[in-house]
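Given next are the chains, with one letter for each unit.
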Amino acid sequence: MNKPNIIFIMTDDHASHAMSCYGSKINRTPNMDRIAEGGIRFDNCFCTNSICAPSRATILTGTHTHINGVKTLGDKLDNSLENFPKIMQRGGYQTAIVGKWHLGQGEKHHPTGFDYYNVLPHQGDYFDPLMIEMGERKVFTGYVTDIITKKSIEWLKGRDKDKPFMLMCHHKAPHRPWLSDDKHKDLYKDEDIPLPDTFFDEYDNRSEAAKRAKMRVERDFNALDLKIQIPDGYEKMDSLPIPDDVTGLEYTTWEGEKVTFKSHRALKEWKYQRYIKDYLRCVAAVDDSVGEILDWLESEGLTEDTMVIYTSDQGFYLGDHGWYDKRFMYEESLRMPLIIKYPSKIQPGTISQAMVLNLDFAQTILDTAGMKSPDFMQGRSFMPIMEGKKVDDWRQSMYYRYWMHLAHHNVAAHYGIRTMDYKLIYYYGEALGTSGSIDNPTPEEWELFDLGKDSAELMNVYDEPEYFEIREKLKKELAGLKEEAQDNE
Ligand code: CA
């Protein structure tokens with residue numbers, strides 16, 4: 001049999017609860033659904049560090065972020081490290097990456113392992129983006145999602161047809177600041193998007209870390225996020241403080257509409273609608289892109305032997321818990337969408353509850369291509385699960401760590417364990433020598449959630465006597481996972 005082709009499509013910050021194949025209540029993603037319906041949907045895919053650059057480094061190298069050196073957004077990937085595209089390249093694959101890279105630039109950090117690369121520097125722009133094509137800086141005219149799609153398909157068309165290919169198509173969307181293209185700008189214009197169940201969460205019975213996070217829909221967006229004129233006295237990136245009495249508050253939207261608010265609740269709901277509609281418009285453009293790639297594969301007769309993967313670097317809060325953004329180990333940002341279509345190996349309509357991680361992607365892709373993965377990789381191939389084989393010793397728990405203590409959105413660093421039934425999180429505050437706030441130190445604290453009873457994670461049961469036994473058991477298991485992950489800090 002010929003080696004399979006691989007197309008790995010990854011978006012930035014696309015939560016699975018904004019995909020109709022995952023039962024979204026707020027949007028439709030017909031082309032992404034084609035992948036899920038034609039293949040497998042993983043309901044428990046998690047990232048090991050819920051933030052852009054670290055997740056990408058883990059995917060490429062198959063290692064935890066403290067091993068590959070990209071623990072934070074400020075870290076760059078040492079491009080001399082082994083990664084799965086290099087192994088595929090040596091094994092006869094043509095490889096390419098188009099779109100978001102976010103792992104540094106220059107001689108030591110540009111993409112390696114790729115015959116072709118054309119990537120956005122840093123976060124990249126939504127319109128007329130500057131890109132770095134094989135080391136050369138070029139501005140491309142148009143909308144970033146369309147450009148990434150076009151450049152991906154151009155590379156596919158120009159490839160050597162005697163060799164299998166592996167393409168990583170990495171979209172910027174739907175990352176902040178959620179700028180829509182013209183085609184989708186009026187989508188949802190005359191309707192309200194439903195509010196998430198936990199929209200009015202007040203963080204009672206939760207950690208100080210949750211209470212102190214600055215990622216609230218009501219209070220922490222800036223003018224660009226909301227597409228409103230910057231009020232006098234504020235800078236572009238400033239969040240907009242909320243007066244006690246909001247009835248005197250007036251915003252002017254980019255469309256020129258003046259908006260006032262009768263209550264705090266009305267203000268919060270208005271901000272949610274502004275945010276979520278733009279987010280979903282960006283997702284809609286990505287969905288079109290996915291459709292274009294699937295159609296192209298069909299037109300070339302490549303569908304059967306091509307594995308198409310769709311995922312995102314982490315999840316996101318879509319107003320859940322009254323938040324936007326990510327970072328926390330809570331479900332909405334821990335969970336990654338993961339749908340994979342590969343007709344010659346995966347039965348259509350398969351759904352898996354197996355706990356898989358971004359840490360597994362490198363080994364899974366290498367396994368699919370019939371290649372051995374190096375011993376230093378820390379995940380495991382889930383190809384047998386996709387083929388419907390019974391895997392008795394599959395993992396039942398995972399290790400998570402977020403390192404950027406109070407760096408962005410005032411989120412405290414933490415690590416923890418998620419099992420199929422529980423989640424235990426340790427916010428270590430300044431206890432591990434972490435630099436933090438001296439005036440207002442963050443407490444060292446724990447959270448335990450009983451996911452079977454409380455999937456929304458609204459009740460920390462860490463101090464409930466009936467959970468003492470499970471709590472101590474999980475602490476032991478967490479220590480074991482930390483050691484196994486070779487995290488000694
Ligand atoms: Ca991201």
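Residues numbered from 1 in each chain as written. Predicted model: local features only at pLDDT ≥ 70, side-chain atom pairs only at ≥ 80, totals over all residues. Heavy atoms only, no water.

### What to know about the domain arrangement of the protein
Many structure descriptions define interface size as the accessible area lost when the parts assemble. Segmenting the protein into domains produces domain 1 (5-180 + 280-389) and domain 2 (399-484). Taking only C-alpha atoms, the centre of domain 1 and the centre of domain 2 are 28 Å apart. Opposite the 28 residues of domain 1 that make contact, domain 2 presents 27 residues. Between domain 1 and domain 2, the buried area comes to about 2,200 Å², and carbon and sulfur atoms account for 64% of it. Three residues stand out in domain 1 for area buried against domain 2, namely Arg-327, Met-329 and Tyr-330, and they jointly supply 33% of the buried area on that side. Where domain 1 meets domain 2, there are two salt bridges. When the shortest N-O distance is used, the salt bridge between Lys-423 and Glu-331 registers 2.7 Å. Across the contact surface, domain 1 and domain 2 share twelve residue pairs in polar contact (both at pLDDT 80 or more). Those elements that place two or more of their residues in the side of domain 1 that touches domain 2 are strand E2 (40-46), helix H3 (65-68), helix H9 (331-334) and strand E12 (350-357). (Domains from an automatic or database assignment. Contact = heavy atoms within 4.5 Å. Buried area = accessible area lost by both parts, 1.4 Å probe. Salt bridge = Lys/Arg side-chain N within 4 Å of Asp/Glu carboxyl O. Polar contact = N/O pair within 3.5 Å; in protein donor to acceptor, adjacent residues only side chain to side chain. Helix = DSSP H or I, 4+ residues; strand = E, 2+ residues; numbered from the N terminus.)

### So, the layout of surface pockets
Taken as a whole, the largest pocket spans an internal volume of roughly 790 Å³. The dominant element in the lining of the largest pocket, judged by the number of residues it contributes, is helix H8 (residues 264-299), at eight residues. Within the lining of the largest pocket, the residues separate by chemical class into seven nonpolar, three polar and 14 charged. (1 Å grid on protein atoms, 1.4 Å probe; cavity = no way out; pocket = protein on both sides within 12 Å on 5 of 7 lines; lining within 4 Å. Points joined across faces, edges and corners; volume = space filled by probe spheres on them. Nonpolar A, V, L, I, M, F, W, Y, C, P; charged D, E, K, R; others polar.)

### Details of the sheet that holds strand E7 (residues 165-170)
The strands making up a sheet associate through hydrogen bonds between their backbones, and the pairing can be parallel or antiparallel. Strand order in this open sheet of ten strands is E6-E5-E4-E3-E7-E1-E10-E11-E2-E12, and the pairing throughout is mixed. Of all strands in the sheet, those with a lone pairing partner are strand E6 (136-139) and E12, marking the two edges. On average, adjacent strands in this sheet sit at an angle of 20 degrees to one another, irrespective of strand direction. Packing of helix H1 (residues 30-37) onto the sheet brings it into contact with E2, strand E10 (306-312) and strand E11 (338-341), and relative to E11 it is tilted by some 65 degrees. Along the sheet face, helix H5 (residues 144-157) touches strand E1 (5-11), strand E3 (94-100), strand E4 (116-120), strand E5 (130-133) and E7 and points at about 170 degrees away from the line of E7. (Pairing = 2+ DSSP bridges. Axes fitted to C-alpha atoms, helices over the stretch in contact; angles between N-to-C directions.)

### Observations concerning the sheet that holds strand E14 (residues 414-419)
Taken in spatial order, the four strands line up as E13-E14-E15-E16 in an open sheet, and their pairing is antiparallel. For this open sheet the edge positions go to strand E13 (397-402) and strand E16 (445-450), each flanked by a neighbour on one side alone. On average, each strand axis in the sheet is inclined to that of its neighbour by 10 degrees, with strand direction left out of account. Judged from the six bridges that link them, E13 and E14 form a sheet pairing that is antiparallel. The residue of E14 that forms the bridge with Ser-397 is Thr-419.

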